[in-house]
Amino acid sequence: MIPLVSIYDEPICGEEEVLVDEYCQVTKAIEGRRWEQFLQLMASGHVSVEDCDTDLLHTLCAHRPPNHIVERILKKNPSLVSSRDCEMRTPLHVAIECGASSGVIRRLLSVDPTAAELKDSEGRTPLILACGEMGREEYESKEHEKLRVHRLTKAIRLMAQIAPQSSIIEDDDEMTALEHAISCDAPIEIVKELQKVTARSMMQVDRRRRRHTMDVASPVSYESTSDSSNDESAFFSERRQSRRSAMSL
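Residues numbered from 1 in each chain as written. Predicted model: local features only at pLDDT ≥ 70, side-chain atom pairs only at ≥ 80, totals over all residues. Heavy atoms only, no water.

**Details of the side chain of R89**
Okay, step 1: Mapped onto the elements, R89 comes out in the loop between α4 (67–76) and α5 (91–97).
Okay, step 2: A polar side-chain atom of R89 sits 3.1 Å from a polar atom in the side chain of E97.
Okay, step 3: Those residues in contact with R89 that lie beyond four places of it in its chain are H58, S83, R84, V94, E97, D120 and L129. (Helix = DSSP H or I, 4+ residues; strand = E, 2+ residues; numbered from the N terminus. Polar contact = N/O pair within 3.5 Å; in protein donor to acceptor, adjacent residues only side chain to side chain. Contact = heavy atoms within 4.5 Å.)

Written out as structure tokens, the structure reads:
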């Protein structure tokens, strides 16, 4: 497997040189968000998704790609959704942190919903990572800040729908995404949205626990009822037997 950007200690030539140049062009196209050039390079035959480094999807998600770009990559190699970088982050971690569109996040989650609950090397889920950074970000403009808040709000809703548990998972410091958002002074819109989805998720968990308790209790009740029925049957059996005995006298 060849990384997107290769560094060699010795000079290379011939086909290898052409191949490395192609991969460098892929990286530059992604970083420059030149998506048509990226697609042309991937279609050239020299570079394929299967041969690319597993960080390909991470690199894409870090540069807010259009939905159709991610769609094409995942059709070729859906396993990239579960790939990890050197910090144990999945592409979903990177996508949410870097403000990818809700369409991209939905697509990633549709391939692997469990990605919402996976933790990086510091024990952070994608939601915790994104919410923990919101209060520390510096924005180019008010419009950029609004767009970032809007996209993260939609991402929170999406993840609450597809992976409800993701909003109440704690990191290694026993903090949820909501607690991180509050502690780093994240925008009020983010905090309010997290409050809603966290409360909803906790209610769902509580309902499941109660159902589980009832399911566990049911066999006991049934067993008690069954024992009671057996006792009653034994009682009436003895009564019938005593009657027969009395009649035979």
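**Considerations on unusual backbone geometry**
Okay, step 1: Despite not being glycine, R64 has its phi angle at roughly 45 degrees, a positive value.
Okay, step 2: With respect to the secondary-structure elements, R64 resides in the loop between α3 (56–61) and α4.
Okay, step 3: Looking at R64, the relative accessible area reads 35%, which means it is partly exposed.
Okay, step 4: A positive phi angle, near 60 degrees, is found at E174, a position not held by glycine. (Buried < 20%, exposed > 50% of the residue type's maximum accessible area, 1.4 Å probe, protein only.)

**Topic: the nonpolar core**
Okay, step 1: Counting 52 residues, the largest nonpolar core has F38, L57, L108 and L194 as the members making the most contacts within it.
Okay, step 2: Tallying contributions element by element places helix α8 (residues 142–162) first for this core, with seven residues.
Okay, step 3: Apart from the residues lying within four places of it in its own chain, the contact partners of L108 are L57, C61, V70, L74, V81, P91, L92 and A95. (Core = buried A, V, L, I, M, F, W, Y, C linked by side-chain atoms within 4.5 Å.)

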